[in-house]
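Take a look at the letters that make up each chain.
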Amino acid sequence: MAGRLTVLREDFLRRVPKAELHCHFEGTVRPATFKDLAERHGVELPSDDPAQLYDYNTIIEFLSIFGMVSSTIIDRDDFARAAYESLEDGVVLGNLRYREMFFNPTLHTRRGVPISTVLAGLADGIEAAEQDLHVRCRLIADVYRQDPPDAARQMVEELLDARDHARGHLIGLGMDGAEADDPPEKFVDAFHLARRGGLRLTSHASEDAPPRNIVTCLDLLGCERIDHGYHILEDPAILARCRDDGIYFTCCPTSTAVVYGWPDLSHHPIKDMVAGGLRCMLNSDDPTMFHTDIGREYVVACQALGYDAAKVRQLCLNGVEASWLDGVDKAVMRQELNAEIDALQASLPG
Ligand code: HPA
Ligand code: ZN
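This section reports on the structure supplied with the text. Since this is a predicted model, take the numbers as computed values, not measurements.

Re the site of ligand 1
So, point 1. Taken together, 13 residues sit near ligand 1, with His24, Gly177, His228, Asp285 and Asp286 positioned nearest.
So, point 2. Here a nitrogen atom of ligand 1 and a backbone polar atom of Gly177 are 2.9 Å apart.
So, point 3. Separating an oxygen atom of ligand 1 from a side-chain N or O atom of Asp285 is a distance of 2.8 Å.
So, point 4. Secondary-structure elements contributing two or more residues to the shell around ligand 1 are β1 (18-24) and α4 (59-70).
So, point 5. Counting residues per element, the shell around ligand 1 draws most heavily on α4, which supplies four residues.
So, point 6. Of the residues assigned to the shell around ligand 1, the class counts are four nonpolar, five polar and four charged.

In structure tokens form, the structure reads like this:
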């Protein structure tokens, strides 16, 4: 009986409708597509089995493979194909309804791929997926922390100039890469320029660095939400401020369990963040590169943390509330998610 309940529960967790706000396009490429694109473009890979390359213990090792995957995505059609497949995986494996998806412009433009090609290809894939699979997606360009500040500022300038190629899908600026040695204040100019250009703002912060980076992102860069944020638990005053201000945190169970060493998800910082009153939601981060998907993230995290259906519903709805959909769209999505979760809950035993 217990086994049967577990199976039903996994099914429920996979099927609850999801909005995801922390997922990197380049980290969603299927291993078979990575291999195919590498062959097509003559990029030599260190292994015949690309899934074997998806194996790392540190963020630095991860970022090196992330760069390798990025180097195989070159033509507009490559971006379109990988974006479509990425959304298809979210829909099939986790009933994904909406995603705000990061991509790293400079990892592509530094190899000579025009930003217009990147934006147009991503928009092609997003629109095809919306038509075929009824999933929506918007784009967030990420500053890459290991870039110099001038390169980040120039990236934002080029992005704003080329924005029309994204056909309305580009809505925000974020920041990723290894955090410890490259604090957020380095990129204040890039963020202020993006804000003046009408982009919404978020940033990876306190993933692997002190909680003061969260304050810098909110107060100096003007970020509206925080990606990861786990070390906030080390500073009760910053936690209280974020709780009282209703800041949303986009948390990623598996990726951080792997590279930051919380192998037992029942002790992942998400648990105390939620218990401490922070508004958290769940995401897959770099799903294929961490051998996961958005459905599995809900399964492993909610089961390890012992969450009931009400908590799961809250996580899903937090994804909608924290999104940058406009008010009407948000209300429609909130209503759709609630109705679908009601129906799913009604089908649960007991
Ligand atoms: N953190 C830092 N850099 C990244 C990540 C992440 O979660 N994913 C892709 N690049
Ligand atoms: Zn991330």
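Some thoughts on the nonpolar core
So, point 1. By size, the foremost hydrophobic cluster in this structure holds 115 residues, and its most contacted members are Phe103, Leu173, Phe249 and Tyr298.
So, point 2. The element best represented in this core is α4, accounting for seven residues.
So, point 3. Setting aside its immediate chain neighbours within four residues, Leu173 contacts Ile140, Ala141, Val143, Met155, Val156, Ala190, Phe191, Ala194, Leu199, Arg200, Leu201 and Thr202.

Regarding the state of the cysteines
So, point 1. The full count for this structure, using the stated rule, is zero disulfides.
So, point 2. Left without a disulfide partner, Cys23 is nearest to the cysteine sulfur of Cys137, which lies 8.2 Å away.
So, point 3. Classification of Cys23 by relative accessible area gives buried; the value is 0%.
So, point 4. For Cys251, which is in no disulfide, the shortest distance to another cysteine sulfur is to Cys280 and amounts to 4.0 Å.
So, point 5. Owing to a relative accessible area of 0%, Cys251 belongs among the buried residues under this scheme.

What to know about unusual backbone geometry
Most of the time, phi is negative for any residue but glycine, and the peptide bond is trans.
So, point 1. You will see that His228, though not glycine, has its phi angle at about 75°, which is positive.
So, point 2. The residue His228 is located in strand β6 (residues 225-228) in this model.
So, point 3. Even without glycine at this site, Asp285 takes up a positive phi of about 60°.
So, point 4. Along the chain, the position of Asp285 falls in the loop between β8 (279-282) and α14 (294-304).

Focus on helix α15 (residues 309-321)
So, point 1. Compared with the 18 Å implied by 1.5 Å per residue over 13 residues, the 18 Å span of α15 between its first and last C-alpha is a close match.
So, point 2. Turning to α15, its buried residues are Ala309, Val312, Arg313, Leu315, Cys316, Leu317, Asn318, Gly319 and Val320.

Examining the coordination of the zinc ion (ligand 2)
So, point 1. Distances from the zinc ion (ligand 2) to its protein donors, namely His22 (NE2), His24 (NE2), His204 (NE2) and Asp285 (OD), fall within the range 2.0 to 2.3 Å.
So, point 2. Positions of the donor residues of the zinc ion (ligand 2) along the chain correspond to the pattern H-x1-H-x179-H-x80-D. Pair noted here: His24 is in strand β1 and His204 is in strand β5 (residues 200-205), with a separation of 180 residues, a long-range link. You'll find His24 and His204 in the same group, each marked buried.

Some points on the sheet that holds strand β4 (residues 170-176)
So, point 1. Strand order across the open sheet formed by eight strands is β1-β2-β3-β4-β5-β6-β7-β8, with parallel pairing between neighbours. Every other strand in the sheet has two partners, leaving β1 and β8 as the edge strands with one partner each. On average, adjacent strands in this sheet sit at an angle of 25° to one another, irrespective of strand direction.
So, point 2. As judged from the six bridges shared by strand β3 (residues 136-144) and β4, these two strands associate in the parallel manner. If you follow Ala141 over to β4, its bridge partner there is Leu173.

A short note on the side chain of Ser86
So, point 1. Among the secondary structure elements, Ser86 is positioned in helix α5 (residues 76-94).
So, point 2. Among residues more than four places away in sequence, those in contact with Ser86 are Thr28, Arg99 and Met101.

Remarks on α4
So, point 1. Along its 12 residues, α4 runs 16 Å from first to last C-alpha, staying within 8% of the 16 Å computed at 1.5 Å per residue.
So, point 2. Within α4, the full set of buried residues consists of Ile59, Phe62, Leu63, Ile65, Phe66, Met68, Val69 and Ser70.
So, point 3. Where the residues of α4 are buried, they touch β1, α2 (31-40), α3 (50-53), α6 (105-109), β3 and α12 (253-260).

Some thoughts on the packing of aromatic side chains
So, point 1. Scanning the entire structure with this criterion turns up eight aromatic pairs.
So, point 2. Ring plane angle 25° and centroid distance 6.0 Å describe the contact between Phe25 and Phe79, whose orientation is recorded as stacked. You can see Phe25 sitting in the loop between β1 and α2 and its partner Phe79 sitting in helix α5, a full 54 residues away along the chain.
So, point 3. Ring geometry for Phe62 against Phe66: centres 5.5 Å apart, planes inclined by 45°, an arrangement best described as tilted. With Phe62 and Phe66 both in helix α4 and four residues apart, this pair spans about one turn of that helix.

A look at the pattern of salt bridges
So, point 1. Under the defined criterion, the tally for this structure stands at 25 salt bridges.
So, point 2. Measuring nitrogen to oxygen at the nearest pair gives 2.9 Å for the salt bridge that ties Arg14 to Asp293. Here Asp293 lies in the loop between β8 and α14 and Arg14 lies in helix α1 (residues 2-15), a separation of 279 residues in the sequence.
So, point 3. With a relative accessible area of 11%, Asp293 lands in the buried category.
So, point 4. For Asp89, the salt bridge goes to Arg30, with nearest N and O atoms at 2.8 Å. Of the two residues, Asp89 sits in helix α5 while Arg30 sits in the loop between β1 and α2, which places them 59 residues apart along the sequence.
So, point 5. One continuous salt-bridge network, built from bridges that share partners, spans Arg30, Asp36, Arg40, Arg81, Glu85, Glu88 and Asp89.

What counts as what
- Residue numbers here run from 1 along each chain, matching the order of that chain's written sequence.
- As they are written, the chains are lettered A onward and the ligands numbered 1 onward, keeping that order.
- Reporting in this predicted model follows two pLDDT cut-offs: at least 70 for local features of residues, and 80 or more for side-chain atom pairs to be given and counted; totals over whole chains, interfaces and linings ignore these cut-offs and use all residues.
- Hydrogen atoms and water are omitted, and side-chain values are computed over all heavy atoms in the structure.
- Think of it this way: one heavy atom of a residue within 4 Å of a molecule or strand is enough to make that residue near it.
- Pairs of N or O atoms within 3.5 Å make up the polar contacts considered here, provided that, within protein, one atom can donate a hydrogen while the other can accept it, and that residues adjacent in sequence are counted only when both atoms are side-chain atoms.
- Numbered from the N terminus, helices here are DSSP runs of H or I no shorter than four residues, and strands are runs of E no shorter than two.
- Residues are sorted three ways: Asp, Glu, Lys and Arg are charged, Ala, Val, Leu, Ile, Met, Phe, Trp, Tyr, Cys and Pro are nonpolar, and all the rest, Gly among them, are polar.
- We call a set of buried residues a nonpolar core when its members are Ala, Val, Leu, Ile, Met, Phe, Trp, Tyr or Cys and they connect through side-chain atoms within 4.5 Å of each other.
- We call a residue buried when its accessible area falls under 20% of the maximum for its residue type, exposed when it is over 50%, and partly exposed in between, using a 1.4 Å probe and counting protein chains only.
- Whether two residues are in contact is decided by their heavy atoms, any of which lying within 4.5 Å being enough.
- Here, the term disulfide refers to a pair of cysteine sulfur atoms separated by no more than 2.5 Å.
- Multiplying one less than the number of residues by 1.5 Å gives the expected span of a helix.
- Here a donor is an N, O or S atom found within 2.8 Å of the metal, or within 3.2 Å if the metal is Na, K or Ca; sites may look incomplete because water is not among the atoms.
- Following DSSP output, two strands are said to pair if at least two bridges run between them.
- Under this scheme, a helix contributes an axis fitted over its contacting stretch, all axes are lines through C-alpha atoms, and angles between N-to-C directions fall in the 0 to 180 degree range.
- Aromatic pairs are defined between Phe, Tyr and Trp rings, using the six-membered ring for Trp, whenever the two ring centres lie within 6.5 Å; interplanar angles under 30 degrees are classed as stacked, those over 60 as edge-to-face, and all others as tilted.
- In the sections that follow, a salt bridge refers to a side-chain nitrogen of Lys or Arg positioned within 4 Å of a carboxyl oxygen of Asp or Glu.

So, to be careful, I would describe these as geometric facts and stop short of saying anything about function.
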